[in-house]
Amino acid sequence: MLGFVKARTAMSWSGLLSASVLGLGLGLVMGAPSLVQAQLVTPELIDRADAPITLTIQPRFGYSHQSNDEKRRLVLTEALESWAARHPDVKIEVLVQQGDDAVIVAKRLQDAAAGRAADAIMVETLDYRKFYSLAKSFDPYLSAADKADFLPGVLQGMTDPDSGAVKYLQITSYTTGLWYRSDLVETPPASLEELATMAAKLKADHGFRYGVFLPGGTGVMNYTLLPQVVSIGGQILADDADATPVFNEPANREALIKVLTWHKEMVDGGLIPADVISFTSTGDTVSRVEAGEMPFAFGGTFIGGGIKGSSQAEKWAFAPMPQLGGATPVPYQGGWSWAMFTDDVQKQALITDLLMDTYTGPWAMAKWGEAGGYTPTRLSSLAKYTGFTNPGLDNAFAAAVQTARLTPNGRLRDVVDAAITNAYAQVISGALSPAEAVDAAWATVELEM
Amino acid sequence: MTRDDSEIGSATIRRLGNAGLYAAYAVAVVFALFPIAAVLMLSMKQASEVFNWPPSFFPETLSLQTYIYVLTETTIGRMLWNSIFLTLASTAGCILISAPAAYAFSRMRFRAQKPLLLTLLVYQMISSMVIALPLYRYYEALGLLDSHMGVILIYITVEIPFTVWLLKGFFDAIPPSLDEAARIDGASRIQSFRIIILPLAKPGLAAALIFNVIAGWSQFIIPFILLQRAELLPISIGVLNFAPGQTEGEITIPYLAAASIIAMLPALVMFVILQRFIVQALTGGAVKG
Amino acid sequence: MIRVQGPKSSSLWSRIQDSPLFWLLPALVFLLLFYTWPLLDVIRLSFTNASLISPDYTYSLDSYRRVFRDPATWRTLKVTLIFAAGSVVLKLVLGMLLALAIDAGVKRGLHGIVIVRTSILAAWVIPGVFVGILWKILLSTSSHGLLNYWIESLSGTSVGFLTDTRLALGTTILANVWRGVAFTMILLYAGLQRIPPELYEAAKVDGAGAFARFRFVTLPMLAPIIFIALVLITIGGINTFDLIMAMTQGGPAQATEVVGMRVYQQVFKFMNLGRGAAIAVVLLAVNLLMTLIYLRLLRLNRKID
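A few words on the overall build of chain B. If you tally the helices and strands in chain B, you get 12 helices and zero strands. Overall, chain B shows an N-to-C arrangement of helices and strands of α-α-α-α-α-α-α-α-α-α-α-α. Here chain B, with 289 residues, has 54% of them falling under the buried criterion. Pairs at least 24 residues apart make up 77% of the contacts formed inside chain B by residues separated by at least 6 positions.

Moving on, we come to the interface of chain B and chain C. The partner chain C presents 79 residues to the 80 residues of chain B that form the contact. Looking at the side of chain B that touches chain C residue by residue, the classes come out as 62 nonpolar, 13 polar and five charged.

Once that is clear, we can look at helix H10 (residues 210-238) of chain C. All names here are of chain C. For H10, with 29 residues, the first-to-last C-alpha span of 35 Å runs short of the 42 Å given by 1.5 Å per residue. At Ala223, H10 is bent by approximately 60 degrees, the largest bend along its length, and proline Pro224 sits one to four residues beyond. By the burial criterion, the buried members of H10 are Thr218, Leu222, Ala229, Val231, Ile233, Thr234, Ile235, Gly237 and Ile238.

Residues and elements named next belong to chain B. When the pLDDT values of chain B are averaged, the result is 82; 88% of them are 70 or greater. Here helix H12 (residues 253-283) stands out as the least confident element of chain B, with mean pLDDT 76; helix H3 (residues 76-107) is the most confident, with 93. Low confidence marks residues 285-289, where pLDDT is under 50. Its contacts with residues over four positions away, or in another chain, come to 11 contacts.

So, about the packing of helix H8 (residues 168-193) of chain C against H10(C). All names here are of chain C. Where H8 meets H10, the closest approach of the two axes is 9 Å, and the angle between their N-to-C directions is 165 degrees. Between H8 and H10, the angle falls in the class roughly antiparallel. In the packing of H8 onto H10, the handedness of the crossing is right-handed. In contact with Thr184, Leu187, Leu188 and Gly191 of H8, H10 contributes Leu222, Ile225, Ala229 and Ile233. Its residues assigned to classes, the contact of H8 with H10 comprises six nonpolar, two polar and no charged.

All names here are of chain C. Scored by pLDDT, chain C has a mean of 85; 95% of the residues are at 70 or more. Confidence drops under a pLDDT of 50 for residues 1-6, and excluding neighbours within four residues, the segment shows eight contacts in the predicted structure. For this predicted complex, the interface confidence comes out at an ipTM of 0.84, alongside a pTM of 0.86.

Notably, B:Asp146 is not glycine yet its phi reads approximately 55 degrees, a positive angle. With respect to the helices and strands, the residue B:Asp146 is situated in the loop between helix H5 (132-142) and helix H6 (148-172). Look at B:Asp146 and you get partly exposed, because 15 C-beta atoms sit within 10 Å. Phi at C:Ala253 takes a positive value of approximately 50 degrees, unusual for a residue other than glycine. With respect to the element layout, C:Ala253 can be found in the loop between helix H11 (242-247) and helix H12 (259-269). C:Ala253 sits in the buried class, given 24 other C-beta atoms within 10 Å.

Moving on, we come to the nonpolar core. Core analysis: the largest hydrophobic core is formed by 303 residues, its most contacted members being A:Val212, A:Ala339, A:Tyr424, C:Ile120 and C:Leu283. In terms of residue count, the dominant contributor to this core is H3(B) (16 residues). Shared between two domains, this core takes at least three residues from each, and those domains are domain 1 (45-170 + 334-402) and domain 2 (176-331 + 408-448) of chain A. In this view, A:Ala339 contacts A:Ala120, A:Ile121, A:Val123, A:Phe131, A:Ala135, A:Lys167 and A:Tyr168; residues no more than four positions away in its chain are not counted.

Time to look at the pairing of strand E8 (residues 296-300) of chain A. If a strand is regular, its side chains alternate between the two faces of the sheet. Residue and element names in this part refer to chain A. In terms of burial, E8 is a largely internal element, five of the five residues being buried. Residues of E8 alternate between two faces, with Phe296, Phe298 and Gly300 on one and Ala297 and Gly299 on the opposite face, all of them buried. Pairing of strand E6 (residues 174-181) with E8 involves five bridges; the strand directions are antiparallel. Across the sheet, residue Tyr180 finds its bridge partner in E8, namely Phe296. Where strand E7 (residues 212-213) lies against E8, two bridges are found, and the strand directions are parallel. Paired with Phe213 across the strands is Ala297, a residue of E8.

All names here are of chain A. Spatially, the six strands line up as an open sheet ordered E1-E3-E2-E4-E11-E5, and their pairing is mixed. Taken across any chain shown, the strands that pair with only one partner, and hence form the sheet edges, are strand E1 (45-46) and strand E5 (168-170). The sheet contact formed by E5 and strand E11 (residues 336-340) spans three bridges and is antiparallel. Each residue of the ladder has a partner; that of Tyr168, found in E11, is Ala339. Across the sheet, helix H13 (residues 345-360) lies against strand E2 (53-58), strand E3 (90-94), strand E4 (120-124), E5 and E11, angled at about 165 degrees from E11, the strand it touches most.

Reading guide: rules and limits
Residues numbered from 1 in each chain as written. Chains lettered and ligands numbered in written order. Predicted model: local features only at pLDDT ≥ 70, side-chain atom pairs only at ≥ 80, totals over all residues. Helix = DSSP H or I, 4+ residues; strand = E, 2+ residues; numbered from the N terminus. Buried ≥ 20, exposed ≤ 12 C-beta atoms within 10 Å, placed from the backbone. Contact = placed C-beta atoms within 7 Å. Nonpolar A, V, L, I, M, F, W, Y, C, P; charged D, E, K, R; others polar. Expected span 1.5 Å × (residues − 1). Bend = angle between axes of the 7 residues up to and from the residue. pLDDT = per-residue confidence, 0-100. Axes fitted to C-alpha atoms, helices over the stretch in contact; angles between N-to-C directions. Parallel < 35°, antiparallel > 145°, perpendicular 65-115°, else oblique. Left-handed = near helix turned anticlockwise from the far one by under 90°. Core = buried A, V, L, I, M, F, W, Y, C linked by C-beta atoms within 7 Å. Domains from an automatic or database assignment. Pairing = 2+ DSSP bridges.

Structure (structure tokens):
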């Protein structure tokens, strides 16, 4: 085998060697700064490495003390540091989750089913149903006052419908509505029809590229279509454990077709660009706000952070989403939560305590909400802290979140979501009429049931 | 190719041909480099500049601020090192394992030869996407999850079929009479392999090196499914942290661009350094035809 | 091949070296140990209705039945084959042209060949995920999309490269070719070097022009390499996932939904392990089918010669 190695020429070895040395050098130099960071709090390990008790937590990248955003990093690092100082016998291992959500959820499910899950994992409300039976109860560690402090809709979602125990601690809540240019619009439109007229006028008067933007790719059902259908009395998913699709029932089908027709007419009138079907992320909307391309956008309260940070912040405001015929909007909320998977009672108590100090306690939630631009889920956070009692965006968020209901999260939700997203794309691109698209979506969903 | 001057106007034809070739080169270079150049320009813009209208190719001021941020405030250095380490280790391992196998296919006759070659081809057809989740469960059972060693073993395995085929092709081109002569003189098989075949197969080894490095550098699904800890991630995954959407509300395009350029650099540098040698190896070699 | 025994042939070590197993063992061990089990698991799971949410499952052909009855399966197969075919044709043609152009340039002593080669190789070096993200930024239809700004200035409308259902597939094929043509170029270039110049001379003497020389000398000599390139590009094209995932996620309106995306959707979004495995097996079968077709063509070709 050695002879083979000798067979390579000196030149190739030197090439390899120089590349390796270059890489090694780069790595050492660049790795150095992270060592200089806080002594107790490093990217992966909090507190002394020899502490007897270990807690493993898995937050999402953007919601962790490793996030790209400086404000979030500071808030969390501070909270983690102070907790670690008060608990010298505990060390926390942080495994940040990054990348594709669906793959992460699948891996965590595997872990949990095999009993190898981390002690605490961040879960999105959309995936609640998948983890209810696997997560451990927070009940022994929460007082009645604590539980009552959470918004009613949020508390309902956090509770496992089968066992009645609180399985999640939701840290942020978002809802969706209408973002609008408050410097150009005095009173936000009361109906979708009025929105269409306003958008057309503003586009003509001020030369906007288009009238309304929305992320029309994956998630369009969750953020836009569902509230719009439910507000006019229709329904897409039943409220049961399976999230049984019901949009083929005559009244529901009608409602869905009406909503899709409104969107199609907006596209035909040049007010909604046809390429919305390719966009899904916050960044897509925020970048267009920054570029001043339109006066209206359907979006979640979660893009508030981005808008606040952009150069256009003062010009934008948030209002409940107008509905067809001026119907009262029915908002949905969702967000991120922590779930616990360890059986060890001592660890469970420690974890609840840790989470209360860093993310889910009244003080922590308010701080985190302010830094991240998120709306808290606790009444005390909403009411007491100045970040949320000044007029402005935060008030609008708080008002919206208080009455919202939890987004559906049953077994078939993902299937229906994919089918409806697809139907929307087909309607917007003109491939199918709204009625055809709805029926095609139903056919797909039927195959999966 | 000898010049045939008896053709009328051969010099003009020649010059026309050269001009045509240069034109073709220009088109190819623009096509190949434009996206990279555009991203390079993006990486040197400030975040506020990104949404200027009208959009411009060149940044207003050449700013290395994004690079400084990416290099000092993020763990990109470590991810680069991870990529380099994983790629080089798996390349070395793969060639070490595949060369003897290619020797067997080239220099020996055995009944299982054809079926085995076909099996190798079948393995070549497996996309990492289709085995991703079973791989995760399997590795969990083996205890190889979240380790560089586990990832290297899979990288090697994935590249074996192609490397074996490639090396077999180059070994086949070396006349068997050469290593047979050595064996008649008393050399063992291993010796004839080492002393005769390998040196003559340098172009093949160089090609195997290149293909393995490229394949290892680009690996995405496998490290994504098998690795957890941020300190182990290669750069092909780490860059996703800068993709629009990962951090809500942040305008991260310049950082994404900078991270992408940084991610391309090591492999590009290796190419430029080894450029002449690689091409010489691919085109040279003692054997033609 | 005549095996001639030397004087040390009777030693044990020598006999071990004579056995193919000795040389093949490490490779076989690796393949068996690290790749075979997951593959068998996928095949096994395709015969169940396993799901990631509930631990129980039963064996049946139900997953396959559902897969074949689903019109989406045939649609994604069509998209995948168009993607693969487009990639194959463009990569082979462009790769060939580039290899010939560089070869001609080298022989004529033109300058700047190194730059051309490095540029094309540079695109190859970039992981598929990046290629997707980068092209997505470049082709953006928003006001800060550079390419569309130029196009709009010239023609008045912007082009929805990735957002128009008719253009998206072509755009992804283009991106795939952009990143992968270097591979074909290298293979064909190496092959060109191995063609003995005497064959060209002989053809010239016989009066063959440049095009005829290409057709009757270059192509036949390159045939084995073209064949291998064909097989590998096809397999790569059919199995593409990371590029599409980064560029379009299978959209818009499923215009670029290749089979790999379906596997991802079924396993990771819908948590249907059994159904996803069945689609994965179908993907494998398509790969096998294409390779068998190529093998047949090669055998036919050989017979004609």
